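Okay, here's what each chain looks like letter by letter:
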Amino acid sequence: MENPFVYSDTNKRYHTFHYFLKQKFGCKVAKISLDAGFTCPNIDGTKGYGGCTYCSAKGSGDFAGDKNLPLREQFDQIRAMMGKKWADTKYIPYFQAHTNTYAPLSVLKEKFEEALTFPNVVGLAIATRADCISDEIADYLGELAKRTYLEVELGLQSVHDVTGERINRCHSYADFLEGYQKLVDRGIFVCVHIINGLPGEDREMMLQTARTLSHLKLHSVKIHLLHVLKGTVMAKQLADGEFELLSREEYVQTVCDQLELFPPELVIQRVTGDGEKESLIGPEWSLKKLCVMNEIDKELVRRDSWQGKNYIR
Ligand code: SF4
């Protein structure tokens, strides 16, 4: 069957990050996840203690480099592993672990500017919380975005404050909008992370998150599946029967519904995620990531559908 989706040169019926990067840079570009040793205001007590209930000891940076190593060494190690797979690749250092704007501006500048000097780097990605974007930091990021390709990745997870409270997120959707607006006003690309399968959320709530985000000026989204990891608060809640994990079928249906609601221009950086095998409690089916992605592709074909089919402008 011919693919009717315009932002694709493969069988994908959604606007993949791979497609976006190829159009923009004309070559293979990969993110390299780094751990700059920051912490998080939701862990150190500034906003809350203990962190979001799903957060791992590595601050949701489980595949990032080793924080005990200098950034350049982390970068070189990961690049060496990737280089075997992809010669001539360009890179985007991705400040992933914990909250990467939660430090004095001078410290942020030092780390971000250093990463820009690494070989074959074409831009930066910075993951943070929307309530950690001061005007001063936003001004600097705005200036940075004029010099290089820059994405700021904001963890939101859900637009529902009731869920935010349940997962101890310690910021509201209104707080998110405030930080998001500072970035958009300065012309910065914003990528928002959402999680499907959070405790207390039914399918309609997850679709409401997609519907609400579809009307913002986002550059991209990352759709994650909730992974429950050993040692987290959520692991205990799951063991106590407080919620259930999504099945693969439920997840695939929900993601396809969300893709239909998003505008076709929106870049989809992820349609699932992966937890570290050793620390994953569930769902186990998530370890077969390619399989999940294939099921999403197949379901869109079965529906004769694509990203944006149900988007209301
Ligand atoms: S905001 Fe991120 S780093 Fe901080 S506790 Fe939540 S998941 Fe962990």
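Above this note sits the structure.
Residues numbered from 1 in each chain as written. Predicted model: local features only at pLDDT ≥ 70, side-chain atom pairs only at ≥ 80, totals over all residues. Heavy atoms only, no water.

## Notes on the overall build of the chain
A tally of regular secondary structure across the chain gives ten helices and nine strands. For the chain, whose C-alpha radius of gyration is 19 Å, the value lies close to the compact-globule estimate of 20 Å for 313 residues. Principal-axis analysis of the C-alpha atoms places the extent of the chain at approximately 50 × 45 × 40 Å. Every one of the 313 residues in the chain was classed for burial, and the buried ones make up 56%. At a minimum sequence separation of 6, the contacts of the chain that also span at least 24 residues come to 81%. Total accessible area on the chain stands at roughly 13900 Å², and carbon and sulfur atoms take up 51% of it. Mean positive and mean negative side-chain charge positions of the chain (39 and 43 charges, respectively) differ by 5 Å. (Helix = DSSP H or I, 4+ residues; strand = E, 2+ residues; numbered from the N terminus. Rg over C-alpha atoms; globule rule 2.2 N^0.38 Å. Buried < 20%, exposed > 50% of the residue type's maximum accessible area, 1.4 Å probe, protein only. Contact = heavy atoms within 4.5 Å. Areas by Shrake-Rupley, 256 points an atom, 1.4 Å probe, with all protein chains shown as cover. Lys, Arg positive; Asp, Glu negative; His and termini not counted. Charge placed at Lys NZ, Arg CZ, Asp CG, Glu CD.)

## As for the environment of Gln23
Mapped onto the fold, Gln23 is located in helix α1 (residues 17-25). Along the sequence, Gln23 and Tyr7 sit 16 residues apart, while their C-alpha atoms lie 9.8 Å from each other.

## Details of unusual backbone geometry
A cis amide bond links Gly282 with the next residue in sequence, Pro283, at an omega value of 0°. For Pro283, the location among the structural elements is in the loop between β9 (280-282) and α10 (289-303). Notably, Asn120 is not glycine yet its phi reads approximately 60°, a positive angle. Of note, the phi angle at Asp304 is positive, near 50°, even though the residue is not glycine. If you trace the backbone, Asp304 turns up in the segment after α10. Look at Asp304 and you get partly exposed, because its relative accessible area is 37%.

## Things to note about helix α4 (residues 135-147)
For an α-helix, 3.6 residues make a turn, and residues three or four places apart therefore share a direction. Between the first and last C-alpha of α4 there are 19 Å, a value that for 13 residues agrees with the 18 Å anticipated at 1.5 Å per step. Close packing links the buried residues of α4 with α3 (105-116), β3 (123-128), β4 (149-157) and α6 (173-185). (Expected span 1.5 Å × (residues − 1).)

## Brief notes about the pattern of salt bridges
Across all of its chains, the model carries 23 salt bridges by this definition. A salt bridge links Lys12 to Asp297, with the nearest nitrogen and oxygen atoms 2.7 Å apart. In this pair, Lys12 is assigned in the segment before α1 and Asp297 in helix α10, connecting sequence segments 285 residues apart. Look at Lys12 and you get buried, because its relative accessible area is 15%. Of the charged contacts in the structure, one is a salt bridge between Glu143 and Arg147, with a shortest N-O distance of 2.8 Å. Here Glu143 and its partner Arg147 are both found in helix α4, four residues apart, which amounts to about one turn of the helix. Judged by its relative accessible area of 36%, Glu143 is partly exposed. (Salt bridge = Lys/Arg side-chain N within 4 Å of Asp/Glu carboxyl O.)

## So, the side chain of Lys31
As for its position among the elements, Lys31 is in strand β1 (residues 29-34). According to the relative accessible area criterion, Lys31 is buried, its value standing at 16%. Of the polar contacts made by the side chain of Lys31, one reaches the side chain of Glu151; its length is 2.9 Å. Here Gln269 takes part through its side chain, which lies 2.9 Å from a polar atom of the side chain of Lys31. Apart from residues no more than four positions distant in its own chain, Lys31 is found in contact with Phe17, Met82, Ile92, Tyr94, Ala125, Glu151, Glu153, Lys222 and Gln269. (Polar contact = N/O pair within 3.5 Å; in protein donor to acceptor, adjacent residues only side chain to side chain.)

## Things to note about α6
The end-to-end C-alpha distance of α6 is 18 Å, a good match for the 18 Å that 13 residues give at a rise of 1.5 Å each. For α6, the set of buried residues is Tyr173, Phe176, Gly179, Tyr180, Lys182, Leu183 and Val184. Of the residues that open α6, the one with a side-chain oxygen 3.4 Å from the backbone nitrogen of Ala174 is Ser172. The first or second residue beyond α6 is Gly187, which carries a positive phi of 70°.

## With respect to the environment of Gln258
By secondary structure assignment, the location of Gln258 is in helix α9 (residues 248-261). A sequence separation of 50 residues divides Gln258 from Gln208, and the C-alpha atoms of the two residues are 8.8 Å apart. Apart from the residues lying within four places of it in its own chain, the contact partners of Gln258 are Ile194, Asn196, Met206, Leu207, Ala210 and Ile223.

## Considerations on the sheet that holds β1
Read across the sheet, seven strands follow the order β1-β2-β3-β4-β5-β6-β8 without closing on themselves; strand pairing throughout is parallel. Edge strands, defined here as strands with exactly one partner in the open sheet, are β1 and β8 (267-270). Strand after strand, the sheet turns through a mean of 25° between neighbouring axes, direction not considered. Of the strand pairs in this sheet, β3 and β4 are connected by six bridges, and their pairing is parallel. For Ala125, the partnering residue across the bridge sits in β4 and is Glu151. (Pairing = 2+ DSSP bridges. Axes fitted to C-alpha atoms, helices over the stretch in contact; angles between N-to-C directions.)

## Some thoughts on the pairing of β3
The side chains of a regular strand alternate, first on one face of the sheet and then on the other. With six of six residues buried, β3 lies mostly within the body of the structure. Every second residue of β3 is oriented toward a common face, with Gly123, Ala125 and Ala127 on one face and Leu124, Ile126 and Thr128 on the other, all of them buried. Where strand β2 (residues 90-95) and β3 come together, two bridges link them in parallel fashion. In the sheet register, Tyr94 faces β3, and the bridge partner there is Ala125.

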